[in-house]
Amino acid sequence: MENTEIYSGKSHELQARKWPAGSSPVCVVMISLNEEHNMRGVLENLSGWASEVVLVDSFSSDKTVDIALEYGVKVVQRKFKGFGDQWNFAVTNLGISCPWTMKLDPDERLSEQLKNEISKAVYENNAVVGLSVNRSLWFMGRKLPVTQTLLRAWRTGQCKFTDVTVNEHPIVLGEIVTVSGDLEHHDSPDLHHWFYKQNKYTSSEAAIRFHGGDLAFKPRILGNSMERRMWMKRNFYRMPFRYLILFAYHFFLEGAWRAGRAGYIWSRLRCDVMRFVEYKAYEMNLRGDSKVIGTFNAGVPDARVKQYE
C-alpha cells in the first residue's frame, strides 16, 4: 500500500523530546541512511534557526536515529526506493506546518549569512515561491573553488521532485530568487567514505543506463541549462576524449586547480566516477541484468519511530 503508515510495538508513542522552534519559519527536511558522522553537526548548525526538523530515515544501522531523537527531531522510517520517490514522500506526507520547507543533506551546513538571508527573504517578499542558494564543495577538509546554485527552499506544499532514482531535482512553479550566503557541502569525512558513497551512486547510475531509464529532464542541446546538462549526460559516453575533456572542465574551467593537489585529486576522481558508471553499465549488459551484490549496511525498523511503506 502506497505511503501507508504502519505501526509496531512502541512506534505509536509520542517522541519524548521536541525540537525547540528557532527564529525562522522554515521546516528543514532531510533523508538519511547511516549518517551518524554528520547528524550531530548538522543539528547543531540548525539549532536556534529552524522551526522544525524532519528526518526520513531508511533503516540506519548506526546511531543516526538516536542522535536525531536526542535533539527532538521528528523521525519516520521508510524503505528507500529512489531519491525522487523518497523526497516526494517527504514533502507531501509528513504534515509540515511551517510556511516554508527546506531540503538539506546531512553533510551540508548553512553559514550565518545564509540563515539570515533566508529568514529575510521568507519574511519580506510575499511574491517569492522558491529560494535558490549557492553551495560550495569541501573535499579533503578543504574548500574547493567550485560552486553550484541550487533550488533548496519553497513555500510548503508547492514543490514536487523529479521521479528518478538518483540526481533528483525539485520543481517549483513561480518566482524563484537566489539568496546570498554559503551552503557548505562537506562531501565525505575521508576518502574511504567517499569511495563507499560513489560505489553506491555509480551502481545506481549504471542500472539506469542498463534499463534505459528516464533522466530528470528532457535532454535538449538548445534547451535551458538543465536540459543541456541532461543532453550532455545522455551523450557523454559517445564523445571522443571524454575523460580528458571532463578533467579539463573540472580542473581548469571550474577552477579546482586553485585548491592545489586536493583540487587535482578531486578532478581526477570526478572522471573516475563517470568511468565507473561506464564500466558497470558495460558489465551489466554482458551479464544481462543489473543486480548488484551487497546491502550497503541497511538495518531494521526502529520501534521508537513511525514506519511508512
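About the thresholds
Residues numbered from 1 in each chain as written. Predicted model: local features only at pLDDT ≥ 70, side-chain atom pairs only at ≥ 80, totals over all residues. Heavy atoms only, no water. Helix = DSSP H or I, 4+ residues; strand = E, 2+ residues; numbered from the N terminus. Expected span 1.5 Å × (residues − 1). Buried < 20%, exposed > 50% of the residue type's maximum accessible area, 1.4 Å probe, protein only. Axes fitted to C-alpha atoms, helices over the stretch in contact; angles between N-to-C directions. Parallel < 35°, antiparallel > 145°, perpendicular 65-115°, else oblique. Left-handed = near helix turned anticlockwise from the far one by under 90°. Nonpolar A, V, L, I, M, F, W, Y, C, P; charged D, E, K, R; others polar. pLDDT = per-residue confidence, 0-100. Contact = heavy atoms within 4.5 Å. Phe/Tyr/Trp six-rings, centres within 6.5 Å; stacked < 30°, edge-to-face > 60°. Lys NZ or Arg CZ within 6 Å of the ring centre and 35° of its normal.

Caption draft 1: The arrangement of helix α8 (residues 261-287) in detail. With 27 residues, α8 should cover 39 Å at 1.5 Å per step; its first-to-last C-alpha distance of 38 Å lies within 8% of that length. Regarding α8, the residues found buried are A262, G263, W266, S267, L269, C271, V273, V277, K280, A281 and M284. Remark: G288 follows α8 within two positions and exhibits a positive phi of approximately 85°.

Caption draft 2: Representation of the packing of helix α5 (residues 191-211) against α8 within the structure. Contact geometry of α5 with α8 gives a least axis separation of 8 Å together with a crossing angle of 45°. Taken together, the axes of α5 and α8 lie oblique to each other. Handedness of the crossing formed by α5 with α8: right-handed. Residues of the contact of α5 with α8, tallied by class, amount to 13 nonpolar, five polar and four charged.

Caption draft 3: Structural view of the confidence of the model for the protein. For the protein, mean pLDDT is 91; residues scoring 70 or higher make up 92% of the total. Across residues 8-14, confidence stays below pLDDT 50; counting only partners more than four residues off in sequence or on other chains, it has eight contacts.

Caption draft 4: Structural context of the packing of aromatic side chains. Scanning all chains against the criterion turns up 12 aromatic pairs. Seen in terms of ring centroids, F236 and Y237 are 5.1 Å apart; in terms of plane orientation they differ by 85°. Their pairing is edge-to-face. Residue F236 shares its accessibility class with Y237, and that shared class is buried. Following the ring pairs from residue to residue traces out a cluster consisting of F247, F251, F252 and Y264. Here R275 stacks its cationic end above the ring of Y243, 4.2 Å away from the centre of that ring.

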